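A closer look at the structure
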Amino acid sequence: MRLHKREEKQNRHAAKGSLFLALTAAAVLSMPCSAMAEEEERTPIEEVTLEISSSIQVGDVGSEVDAETDSGECEVANVDVTNEPNDKWEHKDKPKVEITLEADGDYYFASGFGKKKIHLSGDSASVTSVKRKSKEEIRVIVTLKALKATDSDYSLEVDEAEWDQRDGVAEWNDSEDAKYYELRLYRDGKFLTNIRPVRDTGCNLGRYLDTAGSYTFEVRAVYSGSRKGEWQESDSFEVSETLAKELVTAASYRISGTGPAAGTWEAENTGVRYRNSDQTYTVNSWQQIDGKWYFFDENGFRKTGWVSWKEKWYYLDENGVMLADTVTPDGKQVGADGALY
């Protein structure tokens, strides 16, 4: 009798345990099934095609870029140019664009949605990166092709090139897109020297006006090595012997390194140059600095050794200083003016 009661009690406990396990298993199984059912109600987006159109051109201050998709699974929510310049777009600039895509209600962006799933059409561009912010949003970073300038993109006109005949200063009107200016100086129609770069709209040429004659200059605006304006010719400046001496004396004080507007020496890998106070470099010509004469080549670098100038030879020591009234290291005699006997 007692045995039967014990067995019944054990059977009841076993039944309760089985029921608990069954309910627990059912609950566990029902959870992923519900989540999967909820997840499967939306469809993952496999790929997106974007059509890019940009109206950005060299010289623009704005940044108009548009992106569209004909996908029924997502839409373009925002387009933003991330590297807009402070001034103007320039030659070879590459605009970068961030495009925000939002999934429609029945779709989502699955984990791992990357660059290979974005296809571009329209203006030439490339996908730089894709950032998945959530299942509903991704941000596509696109780099547009480099901007290419044409001559019409720049305003490089120069006009009213004229002399200030009181001190031998060449002057002209500013050019809107000029990075600097180049000058060419002539006496009696014959070329004397070029001066570059000139950062202002005026340049004192008094040091070159050392001989009586009729002087003119040409000036042009420069944006880059391949973008230059047309040469503009000045009026004539008639210089007498007396005026020539006055102009050279005044100019040598201004830029010789001892006056209030002294220049500075610059040592570079390819040589030594002298930057004048007006930010120009003397090229293909002589310049007196601190009472000593130096000759600078076509790139503005100080020369040493023998140089030929106007059918005469001059000797420059290891520091570029012209020797005068002495014997050169190779045994040649030079006069008080530095010219070889």
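These notes cover the structure that comes with them. Quantities reported herein were computed from a predicted structural model and do not represent experimental measurements.

Reading the values: rules and limits
- Along each chain, the written sequence defines residue order, and numbers are assigned to residues from 1.
- A pLDDT threshold of at least 70 governs which residues receive local features in this predicted model, and a stricter bar of 80 or more applies before side-chain atom pairs are shown or counted, although totals over entire chains, interfaces and linings include all residues.
- Excluded from the side-chain calculations are hydrogens and water; all other atoms, namely the structure's heavy atoms, are used.
- Patches were defined on residues exceeding 30% relative accessible area and lacking a salt bridge, with like-charge contacts within 9 Å and nonpolar side-chain contacts (Val, Leu, Ile, Met, Phe, Trp, Tyr) within 5 Å.
- Shrake-Rupley sampling with a 1.4 Å probe provides the accessible areas, and residues are treated as covered by the protein chains on show and by no other component.
- By definition here, a salt bridge exists when the distance from a side-chain nitrogen of Lys or Arg to a carboxyl oxygen of Asp or Glu is within 4 Å.
- Residues scored as charged are limited to Lys and Arg (positive) and Asp and Glu (negative), so that His and the chain ends carry no count.
- Charged groups are reduced to one reference atom each: NZ for lysine, CZ for arginine, CG for aspartic acid, CD for glutamic acid.
- Each helix is a run of H or I in the DSSP string that is no shorter than four residues. Each strand is a run of E no shorter than two, and both are numbered from the N terminus.
- Two strands qualify as a pair provided DSSP detects at least 2 bridges between them.
- To get an axis, a line is fitted to the C-alpha atoms, and for a helix only the part in contact is used. The angle between two axes follows their N-to-C directions and goes from 0 to 180 degrees.
- Burial classes: relative accessible area under 20% of the type maximum marks a residue as buried, over 50% as exposed, and values in between as partly exposed (1.4 Å probe, protein chains only).
- Here is the rule: rings of Phe, Tyr and Trp (six-membered ring for Trp) pair when centre to centre is within 6.5 Å. Planes less than 30 degrees apart are stacked, more than 60 are edge-to-face, and the remainder are tilted.
- Geometrically, a lysine NZ or arginine CZ counts as sitting over a ring once it is within 6 Å of the ring centre and also within 35 degrees of the ring normal.
- By definition, residues are in contact when any of their heavy atoms lie within 4.5 Å.

Side chains of Glu157, Asp159, Glu160, Glu162, Glu171 and Asp235 sit close together on the surface and give a patch of like negative charge. Tracing the chain through its elements places glutamate 160 in the loop between strand E9 (137-144) and strand E10 (162-164).

Another point: the sheet that holds strand E8 (residues 125-134). The strand order across the open sheet built from four strands is E4-E5-E9-E8, with neighbouring strands paired in antiparallel fashion. If you trace the sheet from one side to the other, it starts and ends with strand E4 (74-81) and E8, each paired once. Looking at each pair of strands side by side, their axes are set apart by 20 degrees on average, direction ignored.

Where burial is concerned, most of strand E22 (residues 285-289) is hidden: four out of the five residues are buried. Pairing between E22 and strand E23 (residues 292-296): five bridges, direction antiparallel. Of the residues in E23, the one forming a bridge with glutamine 288 is tryptophan 293. Taking the residues that link successive antiparallel strands as the turn, the E22-E23 hairpin has two residues, and the phi of aspartate 290 there is positive, at about 55 degrees.

Bringing the pattern of salt bridges into the picture now. Applying the stated rule across the entire model yields eleven salt bridges. Glutamate 176 serves as the salt-bridge partner of lysine 88, at 3.3 Å between the closest nitrogen and oxygen. Linking lysine 88 in the loop between E4 and strand E5 (96-103) with glutamate 176 in the loop between strand E11 (169-171) and strand E12 (180-187), this pair joins segments that are 88 residues apart in sequence. In this structure, arginine 273 and glutamate 268 form a salt bridge, with 3.2 Å as the shortest nitrogen-oxygen distance. On the accessibility criterion, glutamate 268 (34% relative accessible area) is partly exposed. Where salt bridges share partners, they join Lys88, Glu176 and Asp177 into one cluster.

Read from one edge of the open sheet, three strands run E3-E2-E7, paired in mixed fashion. With one partner strand each, in any of the chains shown, strand E3 (65-68) and strand E7 (118-122) form the two edges of the open sheet. Along the sheet, successive strands turn relative to each other by an average axial angle of 30 degrees, direction set aside. Summarising the sheet, strand E2 (residues 48-54) and E7 pair through five bridges and their orientation is parallel. Paired with isoleucine 52 across the two strands is glycine 122, which belongs to E7.

Take the pairing of E9 next. Burial of E9 is extensive: seven of the eight residues sit out of reach of the surface. Relative to E9, E5 is paired through seven bridges, and the arrangement is antiparallel. Note that in E9 the partner of isoleucine 99 across the bridge is valine 140. As paired strands, E8 and E9 are joined by eight bridges and run antiparallel to one another.

Quick look at the packing of aromatic side chains now. Centre-to-centre distance and the angle between the planes together describe a pair of aromatic rings. Applying the stated criterion across every chain yields a total of 14 aromatic pairs. Measuring from ring centre to ring centre gives 5.2 Å for phenylalanine 109 and phenylalanine 113, while their planes differ by 75 degrees; the resulting arrangement is edge-to-face. Here phenylalanine 109 matches phenylalanine 113 in class, with each residue buried. Joined through ring pairs, the aromatic side chains of Trp163, Trp172, Tyr181, Phe217 and Phe237 make up one cluster. Note that arginine 302 overlies the ring of tryptophan 265, its terminal NZ or CZ placed 5.2 Å from the centroid.

All right, on to the environment of aspartate 87 then. Looking at where aspartate 87 falls in the secondary structure, it is placed in the loop between E4 and E5. With 28 residues separating them along the chain, aspartate 87 and glycine 59 place their C-alpha atoms 8.7 Å apart. If sequence neighbours within four positions are ignored, aspartate 87 has contacts with Asp60 and Val61.

Quick look at unusual backbone geometry now. Looking along the chain, the bond that leaves arginine 196 and enters proline 197 is cis, with omega of -10 degrees. With respect to the helices and strands, proline 197 occurs in strand E13 (residues 190-198). For aspartate 188, which is not glycine, the phi torsion reads 50 degrees and is therefore positive. Here aspartate 188 lies in the loop between E12 and E13. Phi is positive for aspartate 325, which is not a glycine, with a value near 50 degrees. For aspartate 325, the position within the fold is in the loop between strand E25 (312-316) and strand E26 (326-327).

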